[in-house]
Amino acid sequence: MLAAANVTCRFVSALAPMLVFGASLMLATGGNAQAAQRLNIRLRPALRALAAVGLPTAWLLLGLEAAFITGRSAAMYDPATLWQVALLTDYGHAWLVQSTAASILCLALWLPGQ
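Residues numbered from 1 in each chain as written. Predicted model: local features only at pLDDT ≥ 70, side-chain atom pairs only at ≥ 80, totals over all residues. Heavy atoms only, no water.

Enquirer: Explain the pattern of salt bridges to me, and be specific about the residues and the numbers.
Expert: Taken as a whole and assessed by the stated rule, the structure comprises 1 salt bridge. Linking Arg10 and Glu65 is a salt bridge whose minimum nitrogen-to-oxygen distance equals 3.5 Å. You can see Arg10 sitting in helix H1 (residues 2-29) and its partner Glu65 sitting in helix H2 (residues 33-70), a full 55 residues away along the chain. (Salt bridge = Lys/Arg side-chain N within 4 Å of Asp/Glu carboxyl O. Helix = DSSP H or I, 4+ residues; strand = E, 2+ residues; numbered from the N terminus.)

Enquirer: So what about the environment of Ser99? Which residues, and what values?
Expert: By the secondary structure assignment, Ser99 is in helix H4 (residues 90-110). Aside from chain neighbours lying at most four places away, what touches Ser99 is Leu55 and Trp59. (Contact = heavy atoms within 4.5 Å.)

Enquirer: Residue-level account of the nonpolar core, with values.
Expert: Of all hydrophobic cores here, the largest spans 11 residues; its members are Cys9, Leu61, Leu62, Leu64, Ala66, Ala67, Ala75, Met76, Val85, Ala86 and Trp95. Here this core gets 5 residues from one element, more than from any other, and that element is H2. Within the second largest apolar cluster, 8 residues are counted, among which are Val20, Ala23, Ala51 and Leu55. (Core = buried A, V, L, I, M, F, W, Y, C linked by side-chain atoms within 4.5 Å. Buried < 20%, exposed > 50% of the residue type's maximum accessible area, 1.4 Å probe, protein only.)

Enquirer: Kindly report on the packing of aromatic side chains, identifying the contributing residues and their values.
Expert: Applying the stated rule across the entire model yields 0 aromatic pairs. Above the face of the Trp110 ring, Arg48 is positioned so that its terminal group lies 4.6 Å from the ring centre. (Phe/Tyr/Trp six-rings, centres within 6.5 Å; stacked < 30°, edge-to-face > 60°. Lys NZ or Arg CZ within 6 Å of the ring centre and 35° of its normal.)

Enquirer: Describe empty space enclosed by the protein, listing the residues and the values that go with them.
Expert: Evaluation of the coordinates by the stated rule reveals 1 cavity of 30 Å³ or more. Of the volumes computed, that of the largest cavity is approximately 50 Å³. For the largest cavity, the full set of lining residues is Ala16, Pro17, Ala51, Gly54, Leu55, Ala102, Leu105 and Cys106. If you list the elements that add at least two residues to the lining of the largest cavity, you get H1, H2 and H4. (1 Å grid on protein atoms, 1.4 Å probe; cavity = no way out; pocket = protein on both sides within 12 Å on 5 of 7 lines; lining within 4 Å. Points joined across faces, edges and corners; volume = space filled by probe spheres on them.)

Enquirer: Kindly report on a nonpolar patch on the surface, identifying the contributing residues and their values.
Expert: A surface patch of nonpolar side chains, about 400 Å² in accessible area, is lined by Phe11, Leu15, Met18 and Leu19. By the secondary structure assignment, Leu15 is in helix H1. Overall, the relative accessible area of 32% leaves Leu15 in the partly exposed class. (Patch = residues over 30% accessible without salt bridge, like charges linked within 9 Å, V, L, I, M, F, W, Y side chains within 5 Å. Areas by Shrake-Rupley, 256 points an atom, 1.4 Å probe, with all protein chains shown as cover.)

Interpretation note: all reported values are geometric properties and have no functional meaning in isolation.
Following this line, the structure appears as structure tokens:
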């Protein structure tokens, strides 16, 4: 069960930011500013939904990794274990970078403006 959750979370947490970033990059470099602005307005709810799904899955990955490392599913909810995994493992360091980037991306999508 944990293995399936891990694969699903990894897929969603990698796919969501790629889709959001790719769509944003295409809008920014498309050439026609007026068409890009109209499309941006239409795509914004979908991009926000992707970010809203991708961010929690990125957070959930740390708990899943803690469960795999300790061999206990209860470790997913243990703050001390999560803290140790985040700060004392290579996976945790990479997770910190990924979750920070996902948080910034999600925040940028919810800022007012274009």
